[in-house]
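Read off the chains here:
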Amino acid sequence: MRFDAADATLILACAKGAPVSILYWGGALHADTDCAELEGLFARQGMHGVADVALPLSLAMEPGLGHPMFRGFAAHRAGKDWGSLFEVGAVELREGGAKIICRDESTRLGLEYEIDFDARTGVLRIRSTLTNYGATPLDVSDMMTACLPVPDGMTDIIGFTGRWTQEFTQERVARNAATYLRENRSGRTSHFSYPAILLAATDTNESTGDVYGFHLAFSGNHRIRVDSLTDGRVMASLGALLLPGEVRLAPGETYASPEIVAAYSGQGLSKLSRKFHDHVRTKLLSPEMRAKPRPVHYNTWEAVYFDHDVEKLKELATRAAEIGVERFVLDDGWFGGRRHDRAGLGDWTVSRDVYPDGLGPLVDHVTGLGMEFGLWFEPEMVNPDSDLYRAHPDWVLGLEGVEQIPFRSQLALDISRPEVADYLFHAIDAILRDHDISYIKWDMNRDLSHPGDSSGVPRAFAQVGALYALLDRVRHAHPYVEIESCSSGGARADMGVLAHSDRVWTSDSNDALDRQVIQRGASFFLPLEVLGCHVGPAKCHVTGRRLSMEMRAATALMGHMGLELNLLTERTADLDVLKNAIDLHKKHRALLHNGDVFRLDSAPQLIASGVIARDKSEAIYSVAYVASDAKVLPGRFQFTGLDPQRSYRLQLIWPSDWQAIKGPSAIETLDLNGEGAIFSGAALVHGGLQLPHAFPETCLLFYVAAV
Ligand code: GLA
């Protein structure tokens, strides 16, 4: 079965009675290339010391295949029926995809694959469903959504790791004979192991070379592995990580895996990212939300923390509206006894201590200023010091006889219990019905360390499904309320949650230098418009670093822009700069939020990227000077992605008051910070601009428009 996109071909081997596997996936093949030709080319000889026949591959890599080192599937019935071998029974073709129905008669299991291959982008999506047709329960210990072969020329593995305030840190390692394994048992997407992986050729960079990318669209425990089989073939496998006893299928029951979203690029890493961005934009985000410009945010967290005072909040809102903010988001601290993070979580009623007249007066003030109002919730959690916990101590996840691990003074609710989900839905629904609220920041701030339900069974996997169902229920009841997914910063920023929300909070670090790296990492999978990017205070609260407003604003401007600082204490001159940046963001946000992202390779002192309109009529390039340079001058900057056949006007649009350091640079001689100058696309792409010397911690933004 063959699927084609402009620059990629996928061929599945799915003959009846044989295992289902990928015969070919990579650069586009000529229409005449047939499967027999490929099978002949790929045929493997026998060898001493291994099986006499080449062992087949399959999407499940189940035990019955007999591979000595790697298995992608493990299940049993009380110690028996562990050796499944799935054979294709039927294939149902549909536009751009297929359902492949496999079965193993000896262990009485069914395994179905839903496979979609987008002819426009070449994005491949795979989901699998296991059904127990036997008469006794089946324990599923491990089931990868799919195991996908990649060419052995993909010698580098790029993973994404990090911690709180350092999300999306790239880690490129050389593949070797050992298994590369990432396991996440935190019960959320996690800071430490982003559920995605890239396999690239050694010399693949942002704009050239082969790369295969895989993302598990799931916000819970995951396992990602890259295995070299004994015969040198390479498999990338992704799936939910199932805890012991978590998936026990009664006769007739099914287990549905999370989806893998994968893509191939023969033109480097940025092209791969553009395919993922296209997928998020067209398949995950709702068309209504995409059509609406994303409002510039003001978030109260770093300005007031738990110190809520209505008059001060109104003042902040007034100041925010004056400089162009369009949505005011009231963060943690507005409800129950939540005067600090040790109490009140779970009590989702407006605190009369801090809001004696309710939230109404603040909401009215904000909406009266022409802004939207947004509100923070952390529905899945409870403080033991709360009315909710006192009434329902049995609603939390935990393990009898095992002490709860302290984690921000809060415990996780078992939201897979209908009465818990109902309580949360009605609490959120009541607040949304009573107020003019158009945005929710949905937070989640602890790991599910011991996710046992009241009967002791692990519920980490079920918790994710229950979260998605709760998000959908809220969205269905309030279709015009947008939802942001947050988890101690960016610990829940995956494509699974984005199918049920509208934006992610990228990181609790508003330090622009760190943000340059974090946002670049996030852009491997997510388009800029879903990345919450805020301007923080002059002295960053989490790093203590001081950065200019020019640098902070330019960094936040390149995503979904917001502010998170005390506007009442910032210097007036800085507020003027900030207002200019907000104006600039609004002027170019249609481009930033719909354009094609080109991350650019550069010396380590620079972090550079461009966003180019689909029709190549305009572009913005960001060049951040993040460290001192041992050379007198940085190199020439090539405006990758422009159309070499067209002519463009080039302008420096940020910083608004460019200060030359010495002697005129091209910025002054070409009047780039004034009217700009016109160049051929070819000169900009292939020749490039000699960058000026600039102080470290400066960010230049260039605007390029076709003439
Ligand atoms: C988390 C979030 C922050 C903020 C706080 C509130 O840490 O990431 O943005 O909302 O919770 O408690």
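Quick look at the structure, then. (Residues numbered from 1 in each chain as written. Predicted model: local features only at pLDDT ≥ 70, side-chain atom pairs only at ≥ 80, totals over all residues. Heavy atoms only, no water.)

## Describing the overall build of the protein
Here is step 1: Check the secondary structure of the protein and you find 15 helices and 38 strands.
Here is step 2: On the principal axes, the C-alpha backbone points of the protein span a range of 75 × 70 × 45 Å.
Here is step 3: Looking at the protein residue by residue over its 707 residues, the buried ones come to 60%.
Here is step 4: Within the protein, residue pairs in contact and separated by at least 24 positions form 69% of the contacts whose partners lie at least 6 positions apart.
Here is step 5: Total accessible area on the protein is roughly 26,300 Å²; 53% of this is exposed by carbon and sulfur atoms.
Here is step 6: Across the protein, the centroid of the 69 positively charged side chains sits 2 Å from that of the 92 negatively charged ones. (Helix = DSSP H or I, 4+ residues; strand = E, 2+ residues; numbered from the N terminus. Buried < 20%, exposed > 50% of the residue type's maximum accessible area, 1.4 Å probe, protein only. Contact = heavy atoms within 4.5 Å. Areas by Shrake-Rupley, 256 points an atom, 1.4 Å probe, with all protein chains shown as cover. Lys, Arg positive; Asp, Glu negative; His and termini not counted. Charge placed at Lys NZ, Arg CZ, Asp CG, Glu CD.)

## A look at unusual backbone geometry
Here is step 1: Pro655 follows Trp654 through a cis peptide bond whose omega is 5°.
Here is step 2: Along the chain, the position of Pro655 falls in the loop between β35 (647–654) and α14 (666–669).
Here is step 3: With a phi angle near 45°, Met61 is a residue other than glycine that sits in the positive phi range.
Here is step 4: Residue position: Met61 is located in the loop between α1 (35–42) and β4 (73–76).

## So, the sheet that holds strand β36 (residues 677–680)
Here is step 1: Strand order across the open sheet formed by six strands is β31-β32-β33-β38-β35-β36, with antiparallel pairing between neighbours. Two strands lie at the open edges of the sheet, namely β31 (596–600) and β36, each paired on one side alone. The sheet shows a mean angle of 25° between the axes of neighbouring strands, direction not considered.
Here is step 2: Inspection of the sheet shows strand β33 (residues 618–625) paired to strand β38 (residues 698–706) by eight bridges, in the antiparallel sense. In the sheet register, Ala619 faces β38, and the bridge partner there is Val704. (Pairing = 2+ DSSP bridges. Axes fitted to C-alpha atoms, helices over the stretch in contact; angles between N-to-C directions.)

## A closer look at the sheet that holds strand β17 (residues 234–240)
Here is step 1: Read from one edge of the open sheet, four strands run β10-β17-β16-β13, paired in antiparallel fashion. Each having just a single partner strand, β10 (146–150) and β13 (180–184) make up the two edges of the open sheet. Strand-to-strand twist of the sheet, defined as the mean angle between neighbouring strand axes without regard to direction, takes the value 15°.
Here is step 2: Both β13 and strand β16 (residues 222–228) contribute to a ladder of five bridges, which runs antiparallel. The partner of Arg182 across the bridge, within β16, is Ile224.

## Some remarks on the environment of Gly66
Here is step 1: Counting through the fold element by element, Gly66 comes out in the loop between α1 and β4.
Here is step 2: Assessed through its relative accessible area of 38%, Gly66 is described here as partly exposed.
Here is step 3: Discounting residues that sit within four places of it in the chain, Gly66 has contacts with Leu55 and Arg71.

## With respect to empty space enclosed by the protein
Here is step 1: Under the defined criterion, the tally for this structure stands at six cavities of 30 Å³ or more.
Here is step 2: Reported here for the largest cavity is a volume of approximately 200 Å³.
Here is step 3: Together, 16 residues line the largest cavity, and Gln519, Arg520, Leu528, Met558 and Ser609 are the ones closest to its centre.
Here is step 4: Ranked by residue count, the leading element in the lining of the largest cavity is strand β32 (residues 606–612), at five residues.
Here is step 5: Classifying every residue of the lining of the largest cavity gives seven nonpolar, seven polar and two charged. (1 Å grid on protein atoms, 1.4 Å probe; cavity = no way out; pocket = protein on both sides within 12 Å on 5 of 7 lines; lining within 4 Å. Points joined across faces, edges and corners; volume = space filled by probe spheres on them. Nonpolar A, V, L, I, M, F, W, Y, C, P; charged D, E, K, R; others polar.)

## Let's talk about the layout of surface pockets
Gaps left between atoms are located by rolling a probe of water-molecule size over the structure's atoms.
Here is step 1: Size it by volume and the largest pocket reaches roughly 790 Å³.
Here is step 2: Lining the largest pocket are 26 residues, with Ile22, Leu23, Phe42, Leu57 and Arg233 positioned closest to its centre.
Here is step 3: At the level of secondary structure, the elements contributing two or more residues to the lining of the largest pocket comprise β3 (21–26), α1 and β10.
Here is step 4: Examining the composition of the lining of the largest pocket, we find that five residues originate from one element, β3, more than from any other.
Here is step 5: Along the walls of the second largest pocket sit 18 residues, with Gln267, Lys271, Arg274, Asp596 and Phe598 positioned nearest its centre.
Here is step 6: Where the lining of the second largest pocket is concerned, the elements lending two or more residues are α2 (268–284) and β31.
Here is step 7: Sorting elements by how many residues they give to the lining of the second largest pocket places α2 first, with five residues.
Here is step 8: Classifying every residue of the lining of the second largest pocket by side-chain character gives two nonpolar, five polar and 11 charged.

## Quick look at the packing of helix α5 (residues 310–322) against helix α6 (residues 360–368)
Here is step 1: Interaxial distance between α5 and α6 falls to 10 Å at its minimum, and their mutual angle equals 10°. For the element pair α5 / α6, the angle class is roughly parallel. The element α5 and its partner α6 pack so that their crossing is right-handed. From α5, Leu313, Lys314, Ala317 and Thr318 reach across to α6, where they touch Pro361, Leu362, His365 and Val366.
Here is step 2: Of the residues that constitute the contact of α5 with α6, the class distribution is five nonpolar, two polar and one charged. (Parallel < 35°, antiparallel > 145°, perpendicular 65-115°, else oblique. Left-handed = near helix turned anticlockwise from the far one by under 90°.)

## Some remarks on the site of the ligand
Here is step 1: Near the ligand lie 13 residues; those nearest to it are Asp331, Asp332, Lys441, Gly489 and Asp508.
Here is step 2: A distance of 2.9 Å separates an oxygen atom of the ligand from a polar atom in the backbone of Gly489.
Here is step 3: Between the ligand and Asp508, the relevant distance is 2.7 Å, taken from an oxygen atom to a side-chain nitrogen or oxygen of the residue.
Here is step 4: In isolation the ligand has 310 Å² of accessible area, and contact with the protein removes 96% of it. (Near = heavy atom within 4 Å. Polar contact = N/O pair within 3.5 Å; in protein donor to acceptor, adjacent residues only side chain to side chain.)

## Structural notes on the pairing of strand β11 (residues 156–161)
Here is step 1: A large share of β11 lies buried, amounting to six of its six residues.
Here is step 2: Summarising the sheet, β11 and strand β12 (residues 169–174) pair through six bridges and their orientation is antiparallel. Counterpart to Gly159 in the pairing with β12 is Glu171.
Here is step 3: Of the pairings in the sheet, the one linking β11 to strand β14 (residues 196–200) comprises three bridges and is antiparallel in character. Along β14, the bridge assignment pairs Ile157 with Leu199.

## Brief notes about the side chain of His478
Here is step 1: Considering the arrangement of structural elements, one finds His478 in the loop between α9 (460–477) and β27 (482–485).
Here is step 2: If we skip the residues at most four places from it in the chain, His478 touches Asp429, Leu432 and Arg433.

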